[in-house]
Amino acid sequence: MLIDRIKEFVAGLPATLKEKRGVYSLKLTVAERRVFLSKKKLTYSAKFRVDEDAKELRFTEVLVESGSGMSTGDDGIGPGFGFKKESYRTGSGPRNGTITEQSKLFGTKYNYTFDFSKIRGAIEKLATDAGYAFKYQITSRNL
């Protein structure tokens, strides 16, 4: 079964996979930065649904940056206690390359190398090898 193969693949990653009402969510921390009393985290999140009747896997992905704690005032939050959460979509279609190329913002805040197209590519290959169509979607509304 396709979902069992995907679970085996995800077991080899430092990621979590959860299911709710037929939609699977994969989350992976890409980078984390702690400065003084603040913490910022960059997370890769993918969601997908396996439609057995249509023999297709619908897939979407997003990068989410979140942070909390005391701010030094240099990150736009201002002095004092702050919380900031932003999300960055991967564009109008599948994106190739590494996340480092995605945004200057991430490049100045974090030091990492992570190629999320490998995760998308591996899940796409598992789906096509099992005879399923792979449908990339920009939003998760129609999953």
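Residues numbered from 1 in each chain as written. Predicted model: local features only at pLDDT ≥ 70, side-chain atom pairs only at ≥ 80, totals over all residues. Heavy atoms only, no water.

Participant: Before we go on, may I ask you to explain unusual backbone geometry in this structure?
Facilitator: Glycine aside, a negative phi is what most residues show, and trans is what most peptide bonds show. A positive phi angle, near 55 degrees, is found at Arg21, a position not held by glycine. When you line up the elements, Arg21 lands in the loop between β1 (15–20) and β2 (23–35). For Lys55, which is not glycine, the phi dihedral falls at a positive 55 degrees. (Helix = DSSP H or I, 4+ residues; strand = E, 2+ residues; numbered from the N terminus.)

Participant: Looking at this model, I keep getting lost on the environment of Thr16. Mind explaining?
Facilitator: One can find Thr16 in strand β1. On the accessibility criterion, Thr16 (43% relative accessible area) is partly exposed. Placed 29 residues apart in sequence, Thr16 and Ser45 show a C-alpha to C-alpha distance of 9.7 Å. Sequence-distant contacts of Thr16, that is, excluding residues within four places in its chain, are made with Ser25, Leu26 and Lys27. (Buried < 20%, exposed > 50% of the residue type's maximum accessible area, 1.4 Å probe, protein only. Contact = heavy atoms within 4.5 Å.)

Participant: What exactly am I supposed to notice about the pattern of salt bridges here?
Facilitator: Any two side chains of opposite charge can pair, so long as their charged atoms come close to each other. As enumerated under the stated definition, the model contains five salt bridges in all. We note a salt bridge from Lys39 to Glu32, for which the minimum N-O separation is 3.4 Å. Taking relative accessible area as the criterion, Glu32 reaches 41% and is therefore assigned partly exposed. Between Arg58 and Asp51 there is a salt bridge, and its shortest N-O distance comes to 3.4 Å. (Salt bridge = Lys/Arg side-chain N within 4 Å of Asp/Glu carboxyl O.)

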